[in-house]
Amino acid sequence: MIPQGFLPPTLGPGRTFALVAGVESYAVSHHWNLHGPARDALRFARWLTGPGQVPPDHVRLLLSPLEDPDALDWAGSPGLEALRGTYRPATEENAKSALLDELPECDGDLLWIFWAGHGYTDPRGGELMLPCADARPGRIRHLNLDSALRWWRTDLVKHRRFPLQAALVDACRVDAPRDARWNFGSSDYGGGATVPGRRQFRLYASREGEAAQNDAERGAGRFTEALLGELGGRSVREGVEGLADTARSIHRAFGELRERGEGWQLPQFVVDRDWDACSFLDEDQPGVTLPRAARLDQAAWDGLGRLFEGRDLPRCAYEAYVWAFRAAGCAAPLQGGLPGDTLLEVASDLDERHGGPDGMPLAVPFVRFLGERAGAGDERWAALLRDWVSTTLERLALPVLLPPPPPARRTALHVRLEPSPGGEDGFLARMWLRRDEPGRVREPAGGPGRREAYEHIWESEGEPVPLDAVREELLRRLGSAGRAPAGHAEAGRPPQEVERIEFHVPYELLDSDFDQWPVPRGPRGRPRPLGLLYQVVVRCPQEREDTGAEWRGKWRWLWSRGGRHADAVRVVSDGEAGDGLGMELGAGPAPAP
């Protein structure tokens, strides 16, 4: 994290400028086309003009989408809507004009460069070349990012302008094709004398020789997803201050994916230095003393003992644990899961760890998060938690603690199938949506504080229908289920898409491959399995008869740990898959059978 004194005192939205580019369509060949970079660019621009509050006329937006630009999601901030009328195609001329002519004439403290699309490295010098939309066979028009960044460090940009420059690139870094048809040529933008004190922060989605993953079905780059998840609702100043920690967190998350075999790319710092010119590796050197957070005093522990006595871990416990590190300005532990099975054990673990530079005890933001989220079902407890945080901050003379982010909105589509009472072929079918309301807590079925919104969307009206008809109706409804009904949409927020599909079926359909139902997706409507696009759950209500209390207890255990606990997953070998396996799994608190 940047020391506060290093940031220009004037740094804010009004002195922040940006080049944001997303390239999906390339003139060189339809095989180069991508689905996702334009959406990623818009999402980054939405953060800049939304939580970042950067004026839209400070943003140069370049887009070359595959689809009609009007079909893109321009909602989210008034500033993004304003950019709808000022964006330009992502051609080489527009990129160079924005980056080398227009932006250097602006008077600012911070320059953001965000680029999503293809990327190639020059085999001669290793420089990153970003093809533009007007790249053609024989002449691949492009932006040489390394040359452009060297240019930005010189006195061709006035000395007192843009001391901080950040380049974030969601693109591959593979060798450029050697075929003569793919001629990149040479592009060096020159420059003047280097200006001391200018700092550049570069973070690429992959290392040299690696491809960056793009989810064409969802239209999103994995790197951009992780980046925006870290930036969240931060202001521009907060975002740039914590950019090094953000990069470490992204790198750690991708490293975990790689270890599990779910990804191959590793985001990379191009240089190993933070904004203050100190090496990222300093903290690993022998003899360096790591900062420690302040510790809770006895009065704080006495209060927690009363507040936590007899309380189970709430659903948001893992989120609260991770957010405590972020709020204190330090990185969360590499291993997933909670360090204990009680709230006091978690708070004790936090109190013993290294903290951030401002001396905030890690247990304080943990309790603050609980007071905002877990207290929704028990307002009295929530008020006591907030009072504990307030008095502890005051008694220990701690810095101001910002509130935690609002809870994510979730939407599930339910499909219930029942046998025809008259024995006819087909099934009685009903579909409904379940939306978690923003700011409310979702507890296990039947548990306290369960606040959800339901919307009935279709049923077979007493007439049995074949499964094929149910599938066709489901596909039709998925196309419109993301639109929030009147009274449920939040101003300035895009509609929530369905994340999960739950089938409630009779016993005879329990082994049906609902997750393999084909769903047309992509520009050409190529079929994809339903389970590849959504979380698919198949339940049999008959199987749960007379086991409701036990099932709810296990489900509550699983959810309270955020799905991140060593005991929440068990790998079963072929030799263990016997008749007694179900009884063995059901004997303990986890996993949920």
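Notes on the structure follow.

Cut-offs and rules
Residues numbered from 1 in each chain as written. Predicted model: local features only at pLDDT ≥ 70, side-chain atom pairs only at ≥ 80, totals over all residues. Heavy atoms only, no water. Helix = DSSP H or I, 4+ residues; strand = E, 2+ residues; numbered from the N terminus. Expected span 1.5 Å × (residues − 1). Buried < 20%, exposed > 50% of the residue type's maximum accessible area, 1.4 Å probe, protein only. Arc of directions from axis to C-beta. Phe/Tyr/Trp six-rings, centres within 6.5 Å; stacked < 30°, edge-to-face > 60°. Polar contact = N/O pair within 3.5 Å; in protein donor to acceptor, adjacent residues only side chain to side chain. Contact = heavy atoms within 4.5 Å.

### Things to note about helix α13 (residues 467–478)
Taking 1.5 Å of rise per residue, 12 residues should cover 16 Å, and α13 covers 16 Å from first to last C-alpha, within 8% of that figure. Taken together, the buried positions of α13 are occupied by V470, R471, E473, L474, R477 and L478. Buried residues of α13, seen end-on, are gathered within an arc of 165° and therefore sit on one face of the element. Along α13, exposed side chains directed more than 90 degrees from the buried face belong to D468 and R476.

### Quick look at the packing of aromatic side chains
Centre distance and the angle of the planes are the two values used to describe a pair of aromatic rings. Per the counting criterion, the structure on display carries 16 aromatic pairs. Centroid distance F44 to W47: 5.7 Å. Interplanar angle 45°. Geometry classified as tilted. On the criterion of helical spacing, the pair formed by F44 and W47 is a turn pair, its members being 3 residues apart in helix α1 (residues 37–49). Look at W47 and you get buried, because its relative accessible area is 4%. Ring geometry for Y321 and F325: centres 5.3 Å apart, planes at 80°, overall edge-to-face. Here Y321 and its partner F325 are both found in helix α9 (residues 317–328), 4 residues apart, which amounts to about one turn of the helix. Just as Y321 is buried, F325 falls in that class too. Connected via pairs of aromatic rings, a cluster forms that spans F17, W151, W152 and F162.

### Some thoughts on the side chain of N144
Following the sequence through the fold, N144 ends up in strand β6 (residues 142–144). A distance of 2.8 Å separates a polar atom in the side chain of N144 from a polar atom in the side chain of E127. Look past the residues within four positions of N144 in its chain and what remains in contact with it is E127, L128, S187 and Y189.

Read these as layout, nothing more, since geometry by itself doesn't imply function.
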